[in-house]
Amino acid sequence: MKIFNRTSNTIAALLLSLSAQSANASNITFEISGVQAKGKLYIQLFKGEDNYQQGKAHNATIVVAKEGITKVSFADIEQGEYALRFFHDQDDNGEMATNLFGMPTEGYGFSNNAKPNYGPVDYSEIKFEVGKDQQVVNKTEVIY
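Predicted model, so just to flag it, every value in this text is computed and none were measured.

Draft legend 1. Spatial organisation of the packing of aromatic side chains. The tally for this structure, following the rule as stated, stands at 7 aromatic pairs. With a centroid separation of 5.8 Å and an interplanar angle of 40°, the aromatic rings of Tyr 52 and Tyr 123 are classed as tilted. With Tyr 52 in helix 2 (residues 49-54) and Tyr 123 in helix 3 (residues 123-126), this pair connects stretches of sequence that are 71 residues apart. Members of the aromatic cluster, joined through ring pairs, are Phe 30, Phe 74, Tyr 82 and Phe 128.

Set out below in structure tokens:
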């Protein structure tokens, strides 16, 4: 009986801890428009500039591309600064296709609908803040 009580107390403490974390966490939804109907979208969410520069995603997902608007959500995201990037793998080979000059030949995009200008997008253009208990919606469009 004593073991059961200890186990019950441990489980109760764990559940309280998890519910406290969820209460302070936010949900982020990205509405990606201009998607063409074939292939998949490979999406990465980064927490902070250093992780973005190092390619260390905080969260990532792959979704089937559907024509028009594709919605992607990340749940229980902690407060902080984030950035998102994605590419539309139209030929479904798991890689971003590029031309001889290294320019993408498949769709791609970034949070805040940022567009590159003769080089990579600057982090300051794609970052966004996630606050406590927020529902964040970020709209962006595929660049083809």
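Draft legend 2. Examining the sheet that holds strand 1 (residues 26-35) more closely. An order of 4-1-8 is seen for the 3 strands of this open sheet, with the pairing classed as mixed. Each edge of the sheet is formed by a strand with only one pairing partner; in this case those strands are strand 4 (68-77) and strand 8 (135-141). In this sheet, adjacent strand axes meet at a mean angle of 15° when their direction is disregarded.

Draft legend 3. Geometry of the environment of Ala 65. As for its placement among the helices and strands, Ala 65 is situated in the loop between strand 3 (59-64) and strand 4. Expressed as a C-alpha distance, the spacing of Ala 65 and Gln 36, which sit 29 residues apart in the sequence, is 7.0 Å. The residues touching Ala 65, leaving out its near neighbours within four places in the chain, are Val 35, Gln 36, Ala 37, Lys 38, Gly 39, Lys 40, Leu 41 and His 88.

Draft legend 4. The arrangement of the side chain of Ser 26 in detail. Note that Ser 26 resides in strand 1. Among the residues examined, Ser 26 registers a relative accessible area of 0% and is labelled buried. One polar contact links the side chain of Ser 26 to the main-chain amide nitrogen of Asp 133, over a distance of 3.4 Å. Polar contacts involving the side chain of Ser 26 include one to the main-chain amide nitrogen of Gln 134, which spans 2.8 Å. Discounting chain neighbours no more than four positions away, the residues touching Ser 26 are Phe 74, Ala 75, Asp 76, Ile 77, Val 130, Gly 131, Lys 132, Asp 133 and Gln 134.

Draft legend 5. Seen up close, the pattern of salt bridges. Applying the stated criterion across every chain, the model contains 5 salt bridges. Across the pair Lys 71 and Glu 31 runs a salt bridge whose closest N-O atoms are separated by 3.7 Å. Residue Lys 71 is found in strand 4, and its partner Glu 31 is found in strand 1; the two are separated by 40 residues along the sequence. Judged by relative accessible area, which is 16%, Glu 31 ranks as buried. For Asp 92, the salt bridge identified is with Lys 40, shortest N-O distance 3.2 Å.

Draft legend 6. Structural detail: the nonpolar core. If you look at the biggest cluster of nonpolar residues, it comprises 18 residues, and the most contacted ones within it are Ile 28, Phe 30, Ile 32, Ile 43, Leu 45, Phe 74 and Phe 128. Counting residues per element, this core draws most heavily on strand 1, at 4 residues. Counting 11 residues, the second largest nonpolar core, distinct from the first, contains Phe 46, Tyr 52, Phe 87 and Phe 110.

Draft legend 7. Spotlight on the pairing of strand 5 (residues 80-89). The buried fraction of strand 5 is high, at 8 of 10 residues. Across 8 bridges, the pairing between strand 2 (residues 40-47) and strand 5 is antiparallel. Considered in strand 5, the bridge of Lys 47 is made with Tyr 82. As paired strands, strand 5 and strand 7 (residues 128-130) are joined by 3 bridges and run antiparallel to one another. Looking across to strand 7, one finds that Gly 80 is bridged to Val 130.

The rules behind the values
Residues numbered from 1 in each chain as written. Predicted model: local features only at pLDDT ≥ 70, side-chain atom pairs only at ≥ 80, totals over all residues. Heavy atoms only, no water. Phe/Tyr/Trp six-rings, centres within 6.5 Å; stacked < 30°, edge-to-face > 60°. Helix = DSSP H or I, 4+ residues; strand = E, 2+ residues; numbered from the N terminus. Pairing = 2+ DSSP bridges. Axes fitted to C-alpha atoms, helices over the stretch in contact; angles between N-to-C directions. Contact = heavy atoms within 4.5 Å. Buried < 20%, exposed > 50% of the residue type's maximum accessible area, 1.4 Å probe, protein only. Polar contact = N/O pair within 3.5 Å; in protein donor to acceptor, adjacent residues only side chain to side chain. Salt bridge = Lys/Arg side-chain N within 4 Å of Asp/Glu carboxyl O. Core = buried A, V, L, I, M, F, W, Y, C linked by side-chain atoms within 4.5 Å.

All quantities given are derived from atomic positions and should not be read as evidence of function.
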